[in-house]
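Geometric and topological summary
So the chains spell out like this:
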Number of protein chains: 2
Amino acid sequence: MSEVYSMDPRTGLTMEMVAEDSDAREVARVCAAAAEAAVGLDRMGAAGRATLLEAVARELESDGALLVRTADRETALGAERLSGELARTCGQLRFFADVLREGSYADAVIDRAAAADDTGPGRPDMRRMLLPLGPVAVFGSSNFPLAFSVAGGDTASALAAGCPVVVKAHPSHPATSLVAFRAVTRAVAACGAPVGTVGIVWGFDAGRTLVLDPRIKAVGFTGSLSGGRHLHRLATSRPEPIPFHGELSSLNPVFVTPGAARERAEAVGRGFVQSFSFGHGQVCTKPGLLLVPAGADGAALREEVARAVAELAPSWLLNDGIRSMFRQGVERLSTLPGVRPAAAGRPAGDDERLVGAALVSVDAKELLHGAAPLMEECFGPFAVLAEYHDTTELEEAAEALAGQLSCAVHATDDDHELAGRLLDRLTRSCGRIVWNGFTTGVAVGWATHHGGPYPATTSPEHTSVGAASIGRFLRPVCYQSVPDALLPPQLRDANPLELPRRVDGVRC
Amino acid sequence: MSEVYSMDPRTGLTMEMVAEDSDAREVARVCAAAAEAAVGLDRMGAAGRATLLEAVARELESDGALLVRTADRETALGAERLSGELARTCGQLRFFADVLREGSYADAVIDRAAAADDTGPGRPDMRRMLLPLGPVAVFGSSNFPLAFSVAGGDTASALAAGCPVVVKAHPSHPATSLVAFRAVTRAVAACGAPVGTVGIVWGFDAGRTLVLDPRIKAVGFTGSLSGGRHLHRLATSRPEPIPFHGELSSLNPVFVTPGAARERAEAVGRGFVQSFSFGHGQVCTKPGLLLVPAGADGAALREEVARAVAELAPSWLLNDGIRSMFRQGVERLSTLPGVRPAAAGRPAGDDERLVGAALVSVDAKELLHGAAPLMEECFGPFAVLAEYHDTTELEEAAEALAGQLSCAVHATDDDHELAGRLLDRLTRSCGRIVWNGFTTGVAVGWATHHGGPYPATTSPEHTSVGAASIGRFLRPVCYQSVPDALLPPQLRDANPLELPRRVDGVRC
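An unreviewed UniProt entry lists chain A under the name 2,5-dioxovalerate dehydrogenase, from Streptomyces poonensis.

Our next topic: the relation of the copies chain A and chain B. Note on the identical chains: chain A maps onto chain B by a rotation of 180° and an axial translation of 0.0 Å, with an RMSD of 0.0 Å. One copy is carried onto the other by what is essentially a two-fold rotation axis.

Right, let's get into the pattern of salt bridges. According to the stated counting rule, one finds 68 salt bridges over all chains in the structure shown. Here R128 of chain B makes a salt bridge to D107 of chain B, at a shortest N to O gap of 2.6 Å. Of this pair, R128 of chain B sits in strand 4 (residues 126-132) while D107 of chain B is found in the loop between helix 4 (79-102) and strand 3 (109-111), placing the two residues 21 residues apart along the sequence. Overall, R128 of chain B belongs to the buried group, its relative accessible area being 3%. One connected set of salt bridges, linked through shared partners, spans E395, E399, E417, R421, R425 and R428 of chain A.

Our focus in this paragraph is unusual backbone geometry. Residues and elements named next belong to chain A. Each neighbour pair has its own omega, and for Y454 with P455 the value is 10°, a cis peptide bond. Phi at A76 is positive, roughly 60°, even though this residue is not glycine. A positive phi angle, close to 60°, is found at S481, a residue other than glycine. Considering the arrangement of structural elements, one finds S481 in the loop between strand 19 (474-480) and strand 20 (502-503). S481 sits in the partly exposed class, given a relative accessible area of 31%.

With that settled, consider the sheet that holds strand 15 (residues 358-363) of chain B. The 12 strands are arranged 21(A)-20(A)-3(A)-4(A)-19(A)-18(B)-17(B)-10(B)-11(B)-16(B)-15(B)-13(B) in an open sheet whose pairing can be described as mixed. Two strands in the sheet have a free side with no partner beyond their single neighbour: strand 21 (506-507) of chain A together with strand 13 (340-344) of chain B. With three bridges joining them, strand 10 (residues 254-256) of chain B and strand 17 (residues 404-410) of chain B adopt parallel strand pairing. Opposite V256 of chain B, over in strand 17 of chain B, you have H410 of chain B as the bridge partner. Sheet strands in contact with helix 11 (residues 296-310) of chain B are strand 10, strand 11 (289-293), strand 13, strand 15 and strand 16 (382-388) of chain B, and its direction is about 145° off that of strand 11 of chain B. Its contacts with the sheet place helix 12 (residues 320-334) of chain B against strand 15 and strand 16 of chain B, and it is angled at close to 20° to strand 16 of chain B.

Let's shift gears to the interface of chain A and chain B. With 70 residues of chain A at the contact, the number on the chain B side is 70 residues. A combined buried area of about 5900 Å² lies between chain A and chain B, and 59% of that area is made up of carbon and sulfur atoms. Broken down residue by residue, the surface that chain A buries against chain B is led by E461, R475 and R507 of chain A, which jointly contribute 12%. For R43 of chain B, the salt bridge goes to D424 of chain A, with nearest N and O atoms at 2.8 Å. Our enumeration of links across chain A and chain B arrives at 41 residue pairs in polar contact (both at pLDDT 80 or more). Those elements that provide at least two residues to the side of chain A that touches chain B are helix 1 (24-43), strand 3 (109-111), strand 4 (126-132), helix 8 (225-237), helix 14 (416-429), strand 18 (430-435) and strand 19 of chain A. With eight residues, the single largest contributor to the side of chain A that touches chain B is helix 14 of chain A. Here the side of chain A that touches chain B is composed, by residue class, of 34 nonpolar, 18 polar and 18 charged.

Generally speaking, nonpolar side chains in soluble globular proteins are found buried as a group. L60, F255, L291, L374, F382 and L426 of chain A are the most contacted members of the largest nonpolar core, which totals 120 residues. With residues up to four places along the chain from it excluded, the contact list for F255 of chain A reads L291, L394, A397, A398, L401, A408, V409, H410, L422 and L426 of chain A. Counting residues in each nonpolar core, the second largest holds 119 residues, with L131 of chain A together with V56, A158 and A175 of chain B among its members.

Residue and element names in this part refer to chain A. For chain A, the assigned domains read domain 1 (22-115 + 122-248 + 459-491) and domain 2 (254-435). Distance between the C-alpha centres of domain 1 and domain 2: 34 Å. With both chains or domains summed, domain 1 and domain 2 bury close to 920 Å², and 59% of this area falls on carbon and sulfur atoms. On the surface where domain 1 and domain 2 come into contact, there are zero salt bridges. Remark: the boundary between domain 1 and domain 2 carries three residue pairs in polar contact (both at pLDDT 80 or more). Across the side of domain 1 that touches domain 2, the residue classes break down as four nonpolar, five polar and three charged.

How each quantity is defined
Residues numbered from 1 in each chain as written. Chains lettered and ligands numbered in written order. Predicted model: local features only at pLDDT ≥ 70, side-chain atom pairs only at ≥ 80, totals over all residues. Heavy atoms only, no water. Least-squares fit on C-alpha atoms with pLDDT ≥ 70 in both. Salt bridge = Lys/Arg side-chain N within 4 Å of Asp/Glu carboxyl O. Helix = DSSP H or I, 4+ residues; strand = E, 2+ residues; numbered from the N terminus. Buried < 20%, exposed > 50% of the residue type's maximum accessible area, 1.4 Å probe, protein only. Pairing = 2+ DSSP bridges. Contact = heavy atoms within 4.5 Å. Axes fitted to C-alpha atoms, helices over the stretch in contact; angles between N-to-C directions. Buried area = accessible area lost by both parts, 1.4 Å probe. Polar contact = N/O pair within 3.5 Å; in protein donor to acceptor, adjacent residues only side chain to side chain. Nonpolar A, V, L, I, M, F, W, Y, C, P; charged D, E, K, R; others polar. Core = buried A, V, L, I, M, F, W, Y, C linked by side-chain atoms within 4.5 Å. Domains from an automatic or database assignment.

Following this line, the structure appears as structure tokens:
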């Protein structure tokens, strides 16, 4: 059995041992505890689970300084960014508590019995609502050690739905994961939730074993395309296939019209570089491609981008594997036909662990030909500046996109005709379209969508952030002609929980 | 290239040639036409598509006599059942028109911009709605040549969502499929919908090719466990994996409490046999297992079931393959340890194409041991009568169930404590729970759920019947800070379509 150590990406030093890899027996034990917790967690009701989520937020905050310090040591993302991420994580937990109390997530629908008459064949009394799917496996991400990890969005939405969670801790930040897990465990105990409500397993093999465990009923995954595809196929090939919600890969292109490039070169250029270098380029919504006008219209913008990139400090990436993949990716993409170096961040000096930012440029039409690999994500501080010679090329690039989490359009009030055509095209491949802004920073709300067609995700009809993300972990049950006293309270005539419902087709 | 012939299951005779197997080029052509139709179908809007669905219903009705006659010749299901199925099919199309006009299917949600303050970090304007996923492959079923075929529920919900459809016609009823397809095509033309709105392909290989076509963005499948699993894996292993909505297999058990067995032996017994022999036992909600009390409490019920089975006329099954699988299944299940013959329908005589109904009995506790295969579906007029010696055995059987589309509980007003415990257990595995009734006959409405955990379906969070089934074919798109004039009308401030929406968290 191998041991799980905390590593410091700034120094490359191995720090303390955090855990041991979970063997098959340990994974089975944790899954059994999760299965055992399912009924109790459901019985807590929406109100009880709202209290639990708020308690988790409080416990995380009470360990806030330790969490931020530990996560910074393990990820080199910096205390400021990680403090923001902690606030986001706690805000998200509290938002799901609000969603539970509002109650429409349960989608309670009542069709009362009707006798057959001239207008139809009649129908029995049917009442439907959503119930938890069962224990959920959550794969923590490398790049958000708090917001998409042990107590992150997948866990928060699964617990909100009433599903126990087994987290597979990411090897990049085991110590952070353990601190967060202990905070969650305290909240579970304080609220009297079942012991197995949240469990944790460690190690690569444990992840595979977890996806194959018959007690696991769905998977939430944030990570790489290759890892996600592998686990997706595993989830589908089980004796009982289960839904696999993977958030995998996105380029998040930025389209700048000629007018916007002329009018707002500095703001767009600075904003783009700030956005693509956020978290050292290691976020799922990093804009990896900027489409700018060739020639005079785009000259100021191109210069501004190059200038801002040149100011970027070198940075440590999350771990050795990501740094090595990044260097290989930049090397491979920079040597594609038609690709030119455009700017480089401040040099990394002698420290081999530091990497500098890199910007390359290419003619936009090459994106559809020899330089097509530039239309795929390169994780880390790398971006592509593509120069288009007429707006047809801009529209063609929009048309050629694979599935995206997000994209952005920068335009002016005079550009609405072109922008409208762009939006039309982008709507077909992108989950979120940002106007005169940037894609990093996904607000958590009722209207949030963080998802998209493959390769952005493996389940295009779902989101992994926002109120609707709870829907990944719920399944409908319909009660036909069941006496009122035996119905769950959500579906009783008297509506004792005062839920928003639909009755005989009418929302009320 | 092989030819597709219509077969008469009553005579075994090959009738007219209907089509040729679609080769890879033909499948690609039909998929390209569907992809081409996507934008136009979306632009028709919900109102335009509602008109299209109603036109399809009218065209089917105008060919109603031909459809029923052709379907009866190809399926031997009888004119009465098929007339009912036609009415259901048309009612379903019109119901989706109502769903479109009501408008909440689009799930329009608006979070207006808010400045950061003491209560939170502020947020940009975000507006989300659901849009069509793209062309959908629909695999028609053998057993519902109208309601789950060319113009059935999958097609109706996909068109309602705005997705073009490519139907893979079922080989059991090609002539019926062609008549229905022509009716649909007339409606498409009459409404000015794009030519490729609905296409059709023929043959086993064409089905595989269809699932692998890159233009297909989701699959709706109603059919066998083995076929569904195969196609599910195919859909997941594509370069771009796509959602696969398979409705596969269900036992639909019926639980009878001692009180109900004593009080309503005749009604429950007759009703069960009527339900399990509906469509000659070839429906997805056929109750294949009846749990009755052993000893005196269940004696009258057991006798009534045996008497009613003995009256059942022999029947033709849908095709040679199903008949052969049925005979093998009955042979295999009847010789399991502890399984006794309990009743047989009227003898089939000399006609080898006819099959008689069969009922076997077993001690309920054997369902958890040697006779566990009786807990799986046997397609056709076969059912199992399981005798329980105390209600613990009844609860254990409920606990041991795999995923089910539906189940039924027969109880009395004095049984609510036992019934409550049963409902608790059944809720965990069953999509629909019927009280003092039977599972066949799924009303189409707002509260309908026709789905369930595997093996009932491959997507437990979705339904294949009822208003919510449209959700299988929609994906969210979020517009962030996009000017009002460039938003789709569903999300504009003025709400010109008068949609039900959620604004700043409040339904309105």
